[in-house]
Amino acid sequence: MPYIKIESGKLTDEQKTLLIKRVTEVSAEIMNIPQEFFTTTITELPDKNFGIGGKTIDIIKIEYKK
């Protein structure tokens, strides 16, 4: 039974629904396994809890807006 784990920043309920649907569809097609066998979870991480290039995402967003 395939398990898909997605970690991301904050998402709307609509985005989560679409993401789970599309990722499951594509994975089922590629793996040739029925969609009903897939389990998918989304873990939302605050911007302060992950970073890129040594900076947290909240700092990157502030710098980007300048």
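Scroll up a little and you will see the structure.
The structure contained in this document is the topic of the report that follows. None of the values given here were measured: they were computed from a predicted structure.

Cut-offs used in this document
- Residues numbered from 1 in each chain as written.
- Predicted model: local features only at pLDDT ≥ 70, side-chain atom pairs only at ≥ 80, totals over all residues.
- Heavy atoms only, no water.
- Helix = DSSP H or I, 4+ residues; strand = E, 2+ residues; numbered from the N terminus.
- Buried < 20%, exposed > 50% of the residue type's maximum accessible area, 1.4 Å probe, protein only.
- Contact = heavy atoms within 4.5 Å.

Turning next to unusual backbone geometry. Unlike most non-glycine residues, N32 shows phi in positive territory, near 55 degrees. Position of N32 among the secondary structure elements: in the loop between α1 (13-31) and β2 (39-44).

This next bit is on the side chain of T24. Looking at the element boundaries, T24 is found in helix α1. Judged by its relative accessible area of 10%, T24 falls in the buried class. Setting aside residues up to four positions removed in sequence, T24 forms contacts with Q35, F38 and T40.

Function-wise, these values are silent; they only describe arrangement.
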